[in-house]
There are 2 protein chains.
Amino acid sequence: MANSPSGDSVLDRLVRILGAFSAQHSALTVSALARRANVPRATAYRLVESMVSHGLLERRDNGEVAVGLGLWEIVNRSASANDLKTIAMPFMEDVNQVVQHSTQLSILVEDEVLVLERLSRPGHAVNAAGIAKRMPLHRTSMGMVLLAFSAPHVAEGFMQRHGTEIALYHQDFRRSLDHIRRNGYATFDGFIDEETTGAAAPILDNKNRALAAMGIVVPRESDQLPTAIAALRTAARGISRTLSNLPA
Amino acid sequence: MANSPSGDSVLDRLVRILGAFSAQHSALTVSALARRANVPRATAYRLVESMVSHGLLERRDNGEVAVGLGLWEIVNRSASANDLKTIAMPFMEDVNQVVQHSTQLSILVEDEVLVLERLSRPGHAVNAAGIAKRMPLHRTSMGMVLLAFSAPHVAEGFMQRHGTEIALYHQDFRRSLDHIRRNGYATFDGFIDEETTGAAAPILDNKNRALAAMGIVVPRESDQLPTAIAALRTAARGISRTLSNLPA
């Protein structure tokens with residue numbers, strides 16, 4: 001692969017350029033993009049031009065560029081995250097209708113919760129979980145469920161890497177995880193918004209390991225938590241069963 | 001950009017490799033990928049290796065590769081298609097709850113309908129519109145609405161390019177589009193599945209041009225079509241208004 005004098009390949013630079021966009025910065029000028037991606041400005045202009053002509057980026061009327069619809073289409077047509085989403089979506093809608101609060105689906109990626117899908121109920125409890133957003137494992141009910149139902153080395157590794165941070169929120173983290181494993185679900189009060197409680201249940205494979213977690217956010221002082229958890233656990237089991245019945 | 005002897009740049013090959021994946025081929029062996037992407041096999045092995053290490057692709061246990069979660073995350077965190085989806089989703093859920101049939105959101109891209117989002121009702125009417133799928137403009141209610149509410153040159157250009165194909169389905173295409181403009185919605189019987197009827201309404205900008213279309217699929221012989229259309233038009237107007245109230 002062609003390398004620049006700095007040893008950067010085209011792919012290195014392309015990935016840094018794509019990675020420079022975020023929910024807050026979904027459109028950027030090429031100069032801002034060059035800065036955020038740490039790519040020389042002249043190189044950025046050339047590469048952006050080429051990425052626009054290939055549909056990886058698109059140019060807005062104001063001259064800013066954004067992730068292109070062509071790339072959106074390729075990724076959403078075929079990404080493996082979609083298989084899980086497609087199966088989970090009807091079950092998420094069931095919970096959404098029965099409980100009338102936002103539901104979301106997430107997986108564990110690089111010591112964080114990555115939100116794959118979200119069904120929101122505007123006007124209901126505040127919910128920080130946007131699609132493709134990341135959240136801390138040890139501060140969300142989905143993260144706690146993902147850790148509790150992961151292979152033992154996953155939770156142990158996480159504790160080694162984030163012990164100090166965990167101690168701010170948990171007196172006895174291992175015991176909390178045990179508790180969640182016994183109950184089959186997790187609850188967590190006031191992540192980001194103090195007025196809400198999150199609850200989550202695992203979507204399990206046939207070895208009882210979490211493939212994903214399904215979560216819901218309810219107002220903290222409501223009496224809806226028990227019913228929300230019942231709906232959530234029922235739906236999560238439905239997803240697990242549907243996945244296990246798929247041809248390999 | 002570094003070109004191969006054939007004049008292909010890294011970016012050309014990368015885009016062809018990503019484009020080789022589809023809903024039916026969401027995971028491929030590197031040989032199959034090389035063939036579908038028209039990239040020499042040795043080059044494909046090298047480029048795939050590099051794309052895997054950057055998270056653009058991911059390797060499955062069986063050795064096949066697929067579009068990577070890293071790329072999924074970048075694209076879904078920031079793509080402009082998400083702005084529209086985020087605003088439309090609560091309205092789509094409203095229609096879904098009131099009408100109890102699948103709803104979808106789409107835009108016009110390169111003479112086709114591109115589906116941005118879909119809420120499905122399993123067990124209800126068959127719906128061919130998957131997320132990021134494309135469908136023919138002149139054979140779907142969403143496509144007809146997108147054309148009817150586009151700038152005049154868009155429909156005329158489409159007619160010039162696809163006249164023969166259009167004639168198979170429409171006696172007087174211009175008159176059909178006029179009719180849809182007057183009514184404010186479109187219906188279309190039996191696209192792919194003969195047992196269903198689709199209905200669609202436009203999401204309009206302040207020049208009365210369609211930014212997107214919202215569609216629903218109901219069983220053909222049901223008496224639900226009038227109520228479905230009423231719900232759909234109401235929700236589409238809500239999305240249009242919400243978009244027009246956004247800060248520029």
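Parameters at a glance
- Residues numbered from 1 in each chain as written.
- Chains lettered and ligands numbered in written order.
- Predicted model: local features only at pLDDT ≥ 70, side-chain atom pairs only at ≥ 80, totals over all residues.
- Heavy atoms only, no water.
- Core = buried A, V, L, I, M, F, W, Y, C linked by side-chain atoms within 4.5 Å.
- Buried < 20%, exposed > 50% of the residue type's maximum accessible area, 1.4 Å probe, protein only.
- Contact = heavy atoms within 4.5 Å.
- Helix = DSSP H or I, 4+ residues; strand = E, 2+ residues; numbered from the N terminus.
- Domains from an automatic or database assignment.
- Pairing = 2+ DSSP bridges.
- Axes fitted to C-alpha atoms, helices over the stretch in contact; angles between N-to-C directions.
- Salt bridge = Lys/Arg side-chain N within 4 Å of Asp/Glu carboxyl O.

Asks: What should I look at first to understand the nonpolar core in this one?
Replies: Among soluble globular proteins, nonpolar side chains are generally buried collectively. Leu14 of chain A together with Leu14 of chain B are the most contacted members of the largest nonpolar core, which totals 118 residues. In this structure, Leu14 of chain A is in contact with Leu47, Met51 and Leu56 of chain A together with Leu11, Leu14 and Leu56 of chain B, ignoring residues within four places of it in sequence.

Asks: What is the right way to read unusual backbone geometry from this model?
Replies: For residues that are not glycine, phi is negative in most cases, and the peptide bond is trans in most cases. All names here are of chain A. Non-glycine residue Gln100 carries a positive phi angle of around 65°. Along the chain, the position of Gln100 falls in the loop between helix H5 (81-99) and strand E4 (103-109). Unusually for a residue other than glycine, Glu110 sits at a positive phi of about 45°. Its place among the elements puts Glu110 in the loop between E4 and strand E5 (112-119). Classification of Glu110 by relative accessible area gives exposed; the value is 63%.

Asks: Just checking my understanding: could you explain the domain arrangement of chain A for this structure?
Replies: In many reports, interface size means the accessible area that the parts give up when they come together. Parsing chain A into structural domains produces domain 1 (10-75) and domain 2 (79-244). Taken over C-alpha atoms, the centre of domain 1 of chain A sits 33 Å from the centre of domain 2 of chain A.

Asks: In this structure, what is going on with the sheet that holds strand E2 (residues 57-59) of chain B? I would like to understand it.
Replies: Where strands meet in a sheet, backbone hydrogen bonds hold them as pairs that are either parallel or antiparallel. Residues and elements named next belong to chain B. Taken in spatial order, the three strands make up an open sheet running E1-E3-E2, and their pairing is antiparallel. With one partner strand each, in any of the chains shown, strand E1 (27-28) and E2 form the two edges of the open sheet. Where helix H3 (residues 41-53) meets the sheet, it contacts E2 and strand E3 (65-67), and its direction lies at approximately 95° from that of E2.

Asks: Would you mind going over the pattern of salt bridges with me for this structure?
Replies: Where charged atoms of side chains with opposite charge meet at close range, the side chains can pair. All names here are of chain A. Evaluation of the coordinates by the stated rule reveals 18 salt bridges over all chains. Between Arg161 and Asp111 there is a salt bridge whose closest N-O contact spans 2.7 Å. Taken together, the positions of Arg161 in helix H7 (residues 152-167) and Asp111 in the loop between E4 and E5 put the pair 50 residues apart, joining distant regions of the chain. Look at Arg161 and you get exposed, because its relative accessible area is 55%. A salt bridge links Glu112 to Arg134; the nearest nitrogen and oxygen atoms lie 3.0 Å apart.

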